[in-house]
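Structural features, examined
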Amino acid sequence: MFGQQGYYIEDLNEGMEASFSKTVTEADIVLFAGISGDTNPVHIDEEAAKKSVFEGRIAHGMLTASYLSTVLGTRLPGPGCIYLSQSLRFKGPVRIGDTVTAIVRVKEVMMSKKRVILETLCQVKGKDVLDGEAMVMVSSRDQ
């Protein structure tokens, strides 16, 4: 099932779920700022961030969202799937030291189109910090 190919469309059922957890570090935020070019002070400058609504530094929302890509590309549906779309709603901040758990759950399998719609969620200490929905393309065994 895994290696170069994750689940095939025929193997997926509504309700299947997978997750990935990662503790956000100072290095993660600094490196993400460098890679993305998003140097908003709320992410990288503690003094400026203290004056924000968050009263301190927070991780980039897209860094948090990237953990969903980890689940999709490595666990469910896994290697070989193609990310087609993603909606996101940011519901709370993620801070240095927080452990983010990204959860992906199969919502609908469209066999004839080889598409899967998945509920996507990121949590910190059981509280939702991000939610949304993704669509991926998944290979068929008879391709």
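Everything discussed here concerns the structure shown above.
Our subject in this report is the structure included herewith. (Residues numbered from 1 in each chain as written. Predicted model: local features only at pLDDT ≥ 70, side-chain atom pairs only at ≥ 80, totals over all residues. Heavy atoms only, no water.)

Quick notes on the nonpolar core
Val24 and Val116 are the most contacted members of the largest nonpolar core, which has 31 residues in total. Mapped by element, the contributors of at least two residues to this core are strand S1 (17-23), helix H1 (26-36), helix H4 (61-74), strand S3 (99-110), strand S4 (115-124) and strand S5 (127-137). Ranked by the residues each element gives to this core, the list is headed by H4, at six residues. (Core = buried A, V, L, I, M, F, W, Y, C linked by side-chain atoms within 4.5 Å. Buried < 20%, exposed > 50% of the residue type's maximum accessible area, 1.4 Å probe, protein only. Helix = DSSP H or I, 4+ residues; strand = E, 2+ residues; numbered from the N terminus.)

Looking at the pattern of salt bridges
Taken as a whole, this structure holds nine salt bridges when the rule is applied. Close ionic contact of aspartate 11 with arginine 141 constitutes a salt bridge, the shortest N to O distance being 2.9 Å. Of this pair, aspartate 11 sits in the segment before S1 while arginine 141 sits in the segment after S5, placing them 130 residues apart in sequence. Arginine 141 sits in the exposed class, given a relative accessible area of 52%. (Salt bridge = Lys/Arg side-chain N within 4 Å of Asp/Glu carboxyl O.)

Some details on the environment of leucine 72
Among the secondary structure elements, leucine 72 is positioned in helix H4. The exposure class assigned to leucine 72 is buried, which follows from its relative accessible area of 1%. Separated by 53 residues in the primary sequence, leucine 72 and serine 19 place their C-alpha atoms 9.1 Å from one another. Excluding residues that lie within four positions of it along the chain, leucine 72 makes contacts with Pro77, Gly78, Cys81, Tyr83, Val104, Leu118, Ala134 and Val136. (Contact = heavy atoms within 4.5 Å.)

Side note on the pairing of S5
Here eight bridges tie strand S2 (residues 82-90) to S5, and the two strands are oriented antiparallel to one another. Across the sheet, phenylalanine 90 pairs through a bridge with leucine 130, a residue of S5. Pairing of S4 with S5, which is carried by ten bridges, proceeds in the antiparallel orientation. Bridge pairing in S5 links glutamine 123 to aspartate 128. Here S4 folds back onto S5 in antiparallel fashion, the turn holding two residues, of which lysine 125 has a positive phi close to 50°. (Pairing = 2+ DSSP bridges.)

With respect to the packing of aromatic side chains
Under the counting rule described, the total for this entry stands at one aromatic pair. Both rings, one in phenylalanine 20 and one in tyrosine 67, keep their centres 6.0 Å apart while their planes meet at 50°; by these two values the pair is tilted. On the criterion of sequence distance, the pair formed by phenylalanine 20 in strand S1 and tyrosine 67 in helix H4 is long-range, its members being 47 residues apart. Of the residues examined, tyrosine 67 reaches a relative accessible area of 6% and is grouped as buried. (Phe/Tyr/Trp six-rings, centres within 6.5 Å; stacked < 30°, edge-to-face > 60°.)

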